[in-house]
Amino acid sequence: MKQFGESVEGYNIPVLNEREIRGSAGILFLFMLISFMLIMFEANFLLIKYFITVFMLDMAIRVFINPKYSPSLIISRFMVRNQNPQYVGAAQKKFAWMIGLTLSTGMFIHMIIFNAYGPVNGISCLICMVLMFFEVAFGICIGCKVYGLFNKGVVQYCTGEVCELKDRQEIQKITTTQVLVLLVFGLLFVFMIYFLNDYLSKSPQDLIDVLKG
């Protein structure tokens, strides 16, 4: 029952399913975002206290017992059960989750035990959100990359095969035209802020009232 990673034929080290991990990160990110918004707009800290406790326990189960018994990973496993697994090395994921466990433990002591808030707690929440967002949106495990800096030549089976040195394929390269498109969109956004800010700042009305008017 107690192990980290699973043995899969064809892989010489314990591995995990990246699809489950990204799904789990998405679940946790969603609840953390909602909790953060409640704090920002309503000064409501109830949900974040529940979330921090669950998040810490979830990370502790992954690190000290077995990732397959993590509640969020179980839910994610069910959701992606019909997709082919994408195997990644377990060692770097353990390091990344230890970072999450450290941050969540600090937040638990700060907010649950002492029932206090402050910049340290806010920064810890933001770091967790950034780490999970990169995992969900781009499949980039920042903690894994940090692990790779101290274990060069040891890390295997990274997400997207980024551990293996290889040339980018043509479809992955960014062209000059694409860069220009980004610049044009950036200028368009600046134009909107400068010329349309007053118009866009008006509160919207009910569509029926607008049509009647």
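Anything mentioned here points back to the structure above.
Note that this is a predicted model, so its numbers are computed, not measured.

*Asks:* Even after reading the chapter, I still don't get the state of the cysteines, so can you show me in this structure?
*Replies:* Simply put, the disulfide is a covalent bond whose two ends are the sulfur atoms of two cysteines. Taken as a whole, this structure holds 1 disulfide when the rule is applied. There is a disulfide in this structure between C141 and C144, and the S-S distance comes to 2.2 Å. The sign of the 70° torsion about the S-S bond sets the C141-C144 disulfide as right-handed. Of the two residues, C141 and C144, both sit in the buried class. C125 provides the cysteine sulfur closest to C128, a residue in no disulfide bond, and the two sulfurs are 6.7 Å apart.

*Asks:* Looking at this structure, I do not really get the side chain of S70. What am I missing?
*Replies:* With respect to the helices, strands and loops of the structure, S70 is situated in the loop between α2 (46–65) and α3 (71–79). Assessed through its relative accessible area of 0%, S70 is described here as buried. Of note is the side chain of S70, whose polar atom sits 3.3 Å from the side chain of R62. Look past the residues within four positions of S70 in its chain and what remains in contact with it is D58, I61 and R62.

*Asks:* Would you mind going over the environment of I27 with me for this structure?
*Replies:* Along the polypeptide, I27 turns up in helix α1 (residues 18–42). Residue I27 is classed as partly exposed on the basis of its relative accessible area, which comes to 24%.

*Asks:* Explain unusual backbone geometry here, please?
*Replies:* Leave glycine aside and you will find that most residues have negative phi; peptide bonds, for their part, are mostly trans. Of note in this structure, A43 is not a glycine but carries a positive phi near 55°. Along the polypeptide, A43 turns up in the loop between α1 and α2.

*Asks:* Looking at this model, I keep getting lost on helix α4 (residues 90–113). Mind explaining?
*Replies:* Residue pairs spaced three or four apart in an α-helix point in one direction, given the helix's 3.6 residues per turn. Across its 24 residues, α4 extends 32 Å between first and last C-alpha, which sits within 8% of the 34 Å expected from 1.5 Å per residue. Within the span of α4, buried status applies to A90, Q92, K93, A96, W97, G100, L101, L103, S104, M107, F108 and M111. Phi for N115, located one or two positions after α4, is positive at around 50°.

*Asks:* How should the environment of P71 be read in this particular structure?
*Replies:* Inspection of the secondary structure assignment puts P71 in helix α3. P71 sits in the partly exposed class, given a relative accessible area of 42%. Setting aside chain neighbours within four positions, we find P71 in contact with D58 and I61.

*Asks:* Which parts of the structure should I look at to understand the packing of α2 against α3?
*Replies:* Taken N-terminus to C-terminus, the directions of α2 and α3 make an angle of 85°; their axes are 8 Å apart at the nearest point. The pairing of α2 with α3 is recorded here as roughly perpendicular in orientation. Contacts from D58, I61 and R62 in α2 reach P71, S72 and L73 in α3. Split by residue class, the contact of α2 with α3 holds 3 nonpolar, 1 polar and 2 charged.

Calculation criteria
- Residues numbered from 1 in each chain as written.
- Predicted model: local features only at pLDDT ≥ 70, side-chain atom pairs only at ≥ 80, totals over all residues.
- Heavy atoms only, no water.
- Disulfide = S-S within 2.5 Å.
- Buried < 20%, exposed > 50% of the residue type's maximum accessible area, 1.4 Å probe, protein only.
- Helix = DSSP H or I, 4+ residues; strand = E, 2+ residues; numbered from the N terminus.
- Polar contact = N/O pair within 3.5 Å; in protein donor to acceptor, adjacent residues only side chain to side chain.
- Contact = heavy atoms within 4.5 Å.
- Expected span 1.5 Å × (residues − 1).
- Axes fitted to C-alpha atoms, helices over the stretch in contact; angles between N-to-C directions.
- Parallel < 35°, antiparallel > 145°, perpendicular 65-115°, else oblique.
- Nonpolar A, V, L, I, M, F, W, Y, C, P; charged D, E, K, R; others polar.

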